[in-house]
Amino acid sequence: MEKRLICLGVCITVTAFILAFALIYTGIVPLAPTGNRPLATIFLESTFNAEKWWIWAGSPEVVTSILWDYRGIDTVYETTVFFLAIIGAITVVRTMKLLPETSGKGRGLTVIAKTITKITFATIPIIAFSIAVHGHLTPGGGFQAGSAFAVAPLLVIAALSLRLLVERGWGKERLLALRTTGLILIGIIAIIVPILAILRHSIAYIMQNQAKLWAPAGLSAVVDLLGVKSLLSGTLFWLNLSEFLAVSAGLSLVFVLLAAPTKNFDKEVKTQ
Amino acid sequence: MIKDIVWIYYYASLILITFMSIYGIAVRPNLLKKIIMLSILSDTANMLAVLLGYHILSPKPPVYPGGTFSTTQFPSQEQLSTFAKYAVDPIPQVLVVTAIVIGLAVLVFLSFVAVLIYRRYGTLDMRVVSKKARHEVK
């Protein structure tokens with residue numbers, strides 16, 4: 001058994017090195033490249049280029065631009081896949097009660113841990129919201145902000161209790177409703193530019209952000225917001241906010257479900 | 001020459017981790033270990049994608065610097081060309097952002113299934129589970 005494992009390890013290592021050597025010397029992967037590929041250069045140069053207004057996205061953040069503008073429909077379907085995975089997880093435990101029978105009051109971690117958790121429970125959502133709002137300006141966006149936000153309920157479950165979280169309104173139904181609201185908002189923003197185009201008797205694509213030469217409808221990148229000219233990059237800002245809502249509620253829901261007591265889970269499985 | 005060896009080492013270690021995680025998924029009988037290996041596999045794929053987008057000419061993030069809500073002056077073509085020269089490839093990062101969230105969703109679903117299987121059969125050993133399941137069908 002030992003000999004077999006050692007032999008396997010040596011074989012795998014040698015194969016890995018041979019494959020890496022082959023990949024580099026057949027030119028499939030670059031060896032210490034000093035520049036970008038042409039496609040990357042096109043994206044980097046055109047995303048924030050107001051002179052080429054027909055292919056720009058109006059945002060200095062190239063990653064968000066590709067995610068929500070150039071490859072927008074891809075991301076919408078990807079969000080749908082995420083939604084379906086969560087729906088699948090909920091279907092497994094659809095009639096389960098979340099709350100344990102005992103409250104568990106007086107037990108748990110120390111006062112220090114609980115106090116720190118209370119403070120971070122207030123600050124994490126603020127930071128996550130800031131990441132989402134600046135998603136079209138700095139690295140970040142809806143996905144990252146949602147993932148950061150979901151740490152807050154996870155901390156509360158670990159340090160305080162699931163009962164506290166559920167009784168303060170973080171129940172299954174409400175989180176699922178928020179999750180669905182986020183997805184519906186993304187859908188609405190996806191078709192808002194085509195609707196505007198139809199009203200103006202022109203054409204536009206689904207998930208279009210800025211105006212194109214052949215489809216001259218679009219939300220403008222700089223918007224007059226309460227008398228202040230703000231760079232919102234058209235639909236990107238709103239899509240980031242909706243995605244933040246969807247991902248944060250979805251991940252919180254998953255954590256709440258996974259933290260449900262095993263007794264209730266046993267009952268659920270037996271009834272199935 | 002040393003530079004070549006370092007880059008071969010990067011790719012070889014990633015390929016090695018890929019092989020090891022595939023070994024874990026295929027050979028290990030424990031479902032939990034299979035799930036852990038699956039997440040390692042997806043992380044390795046993401047790492048490979050990010051490495052493909054890297055270049056060694058003073059790499060910067062693919063974000064045009066200095067953008068705020070009050071930015072109304074857009075950069076010129078020359079400034080953007082300089083930026084495009086030093087920023088790393090954004091496309092692998094986009095793919096990784098989506099792949100991470102999808103991977104998380106798959107991980108969540110698999111862990112729910114694993115919990116269910118454990119509750120139903122009392123074990124995560126797939127040999128025992130398949131034997132018991134076959135017995136049940138009969």
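Cut-offs applied
- Residues numbered from 1 in each chain as written.
- Chains lettered and ligands numbered in written order.
- Predicted model: local features only at pLDDT ≥ 70, side-chain atom pairs only at ≥ 80, totals over all residues.
- Heavy atoms only, no water.
- Helix = DSSP H or I, 4+ residues; strand = E, 2+ residues; numbered from the N terminus.
- Rg over C-alpha atoms; globule rule 2.2 N^0.38 Å.
- Buried < 20%, exposed > 50% of the residue type's maximum accessible area, 1.4 Å probe, protein only.
- Contact = heavy atoms within 4.5 Å.
- Areas by Shrake-Rupley, 256 points an atom, 1.4 Å probe, with all protein chains shown as cover.
- Lys, Arg positive; Asp, Glu negative; His and termini not counted.
- Charge placed at Lys NZ, Arg CZ, Asp CG, Glu CD.
- 1 Å grid on protein atoms, 1.4 Å probe; cavity = no way out; pocket = protein on both sides within 12 Å on 5 of 7 lines; lining within 4 Å.
- Points joined across faces, edges and corners; volume = space filled by probe spheres on them.
- Salt bridge = Lys/Arg side-chain N within 4 Å of Asp/Glu carboxyl O.
- Polar contact = N/O pair within 3.5 Å; in protein donor to acceptor, adjacent residues only side chain to side chain.
- Nonpolar A, V, L, I, M, F, W, Y, C, P; charged D, E, K, R; others polar.
- Axes fitted to C-alpha atoms, helices over the stretch in contact; angles between N-to-C directions.
- Parallel < 35°, antiparallel > 145°, perpendicular 65-115°, else oblique.
- Left-handed = near helix turned anticlockwise from the far one by under 90°.

Visitor: Kindly report on the overall build of chain A, identifying the contributing residues and their values.
Guide: Regarding its fold elements, chain A presents 11 helices and 2 strands. Sequence-ordered secondary structure for chain A, helices as α and strands as β, is α-α-α-α-α-α-α-α-α-β-β-α-α. Expected size for 272 residues packed as a compact globule is a radius of gyration near 19 Å; at 24 Å, chain A overshoots this value by more than 25%. Dimensions of chain A, computed from the C-alpha atoms along their principal axes, are close to 65 × 65 × 40 Å. Out of the 272 residues belonging to chain A, those deemed buried represent 44%. Contacts spanning at least 24 positions in sequence make up 68% of the contacts within chain A whose residues lie at least 6 apart. If you sum the accessible surface of chain A, you get close to 13,800 Å²; carbon and sulfur atoms cover 72% of it. The averaged location of the 14 negative side-chain charges in chain A is 10 Å from the averaged location of its 22 positive side-chain charges.

Visitor: Lay out empty space enclosed by the protein with the relevant residues and their values.
Guide: Residue and element names in this part refer to chain A. Taken as a whole and judged by the stated rule, the model has 1 cavity of 30 Å³ or more. What the largest cavity holds in volume is close to 50 Å³. Lining the largest cavity, in full, are E61, V63, T64, L67, W68, G140, G141, G142, F143, Q144 and N240. Mapped by element, the contributors of at least two residues to the lining of the largest cavity are α3 (62–70) and α6 (142–149). A total of 4 residues in the lining of the largest cavity trace back to one element, the largest contributor, which is α3.

Visitor: I'd like to hear about the interface of chain A and chain B, residue by residue, with values.
Guide: On the side of chain B, 56 residues touch chain A, which itself brings 71 residues to the contact. Counting across the chain A and chain B interface gives 1 salt bridge. In this structure, R37 of chain A engages D89 of chain B in a salt bridge whose closest nitrogen and oxygen atoms are separated by 3.1 Å. At the junction of chain A and chain B, the tally comes to 11 residue pairs in polar contact (both at pLDDT 80 or more). Classifying every residue of the side of chain A that touches chain B by side-chain character gives 48 nonpolar, 14 polar and 9 charged.

Visitor: Tell me about the packing of helix α1 (residues 2–25) of chain A against helix α1 (residues 2–27) of chain B, residues and numbers included.
Guide: Two numbers describe how α1 of chain A lies on α1 of chain B: the axes approach to 8 Å, and their chain directions differ by 135°. Looking at the two axes, α1 of chain A sits oblique to α1 of chain B. Judged by the twist between their axes, the crossing of α1 of chain A over α1 of chain B is right-handed. Tallied by class, the residues present in the contact of α1 of chain A with α1 of chain B amount to 20 nonpolar, 2 polar and 1 charged.

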